[in-house]
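# Notes for the structure review
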Amino acid sequence: MNKNDEIDNNKLNLIEKPFILQGKVIHGFGRGKKIGFPTANLEYSEDFQKLSTGVFFGFAKLNKFGIFKMVMTIGCNPSFENKIKTVEAHLLHEFNQDFYNEHLSLIICGYIRPLIKFSSIDELLQAIQKDRDFAEKELEDSKYNELRKCENLDNQNSNQNQNSN
Ligand SMILES: Cc1cc2nc3c(=O)[nH]c(=O)nc-3n(C[C@H](O)[C@H](O)[C@H](O)COP(=O)(O)O)c2cc1C
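Residues numbered from 1 in each chain as written. Predicted model: local features only at pLDDT ≥ 70, side-chain atom pairs only at ≥ 80, totals over all residues.

Under the annotation held in an unreviewed UniProt entry, the protein carries the name riboflavin kinase and is attributed to Anaeramoeba ignava. As recorded by UniProt, the Pathway (unreviewed entry) comment attached to the protein reads in full: "Cofactor biosynthesis; FMN biosynthesis; FMN from riboflavin (ATP route): step 1/1." (UniProt positions renumbered as here; feature names shortened; annotations may be inferred.)

Here it is as C-alpha cells:
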C-alpha cells in the first residue's frame, strides 16, 4: 500500500462485533512521548502472535480515568524494526499523570491502514496525525454510541480478530 492512500474504513466492520484487548499498561521504548504521540503499551501476551497487524481505532477504558477515543497499533512498528509484536494505544486526551500498571481495555471499532516502514520521523508523525484526525471525527458518529459505553467487556473477550491483512 502506498503511503498516500486514503484511509480505508470499509475494510472491516467491527461495530456489530468489536474486537477487545485488555491488559496491564507497561513501559514501551519511550519514543512515543518524545515524538509527541505517547502510547500506552499493553503487557506482552503470547496471544499477540495470532493477532493481525495494522493501525486501528476505537475506545480505551481506564477504570481510574474514564473512556477515551484512541488510535492504536498491533505489530512490530517497522520504522523501528522492533523484534516483538506490541499492542499500543494513543489516547486522544491530555493526561497530566501516567497510568503504568493500570488495567486498560481497548475496544477496537475499525481498521485504518497497515503499518508502514517510514523513512523519516516526519512522515510517521504526519501519518499518526492523520489517523488521529480520522478517529476523532469518525468516533463522533452515533453508530458508535453503544460501543462508547464500554459495557460488558468481559463477555465480549472471546471475539476473534477479524482483520485479514
Ligand atoms: C496511530 C499510530 C500509527 C502508527 N503507525 C505506525 C506505522 O505505520 N509504522 C511504524 O513503524 N510505527 C507506527 N506507529 C508506532 C510508533 O512507531 C510508536 O508509537 C512509537 O515508536 C513509540 O513506541 P514506544 O512507545 O514503544 O516507544 C504508530 C503509532 C500510532 C499511535
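Here we take up the site of the ligand. The ligand sits among 24 residues. The nearest are Gly28, Phe29, Arg31, Gly32 and Ser79. Sorting the residues of the shell around the ligand by element identifies α1 (31-34), β4 (66-75), β5 (86-91) and α2 (121-138) as the ones contributing at least two each. Among the elements that make up the shell around the ligand, the one with the highest residue count is α2 (four residues). Taken together, the residues of the shell around the ligand break down into 12 nonpolar, nine polar and three charged. (Near = placed C-beta within 6 Å. Helix = DSSP H or I, 4+ residues; strand = E, 2+ residues; numbered from the N terminus. Nonpolar A, V, L, I, M, F, W, Y, C, P; charged D, E, K, R; others polar.)

Glancing now at the sheet that holds strand β1 (residues 19-26). If you trace the six strands once around the closed barrel, you get β1-β2-β5-β4-β3-β6, paired in antiparallel fashion. Across the sheet, the mean angle separating the axes of adjacent strands is 40° when strand polarity is ignored. Pairing between β4 and β5: six bridges, direction antiparallel. Looking at the pairing, Thr73 lines up with Glu88 of β5. Contacts between α2 and the sheet are confined to β3 (54-62), β4 and β6 (103-113), with β4 contributing the most and set at about 140° to the helix. (Pairing = 2+ DSSP bridges. Axes fitted to C-alpha atoms, helices over the stretch in contact; angles between N-to-C directions. Contact = placed C-beta atoms within 7 Å.)

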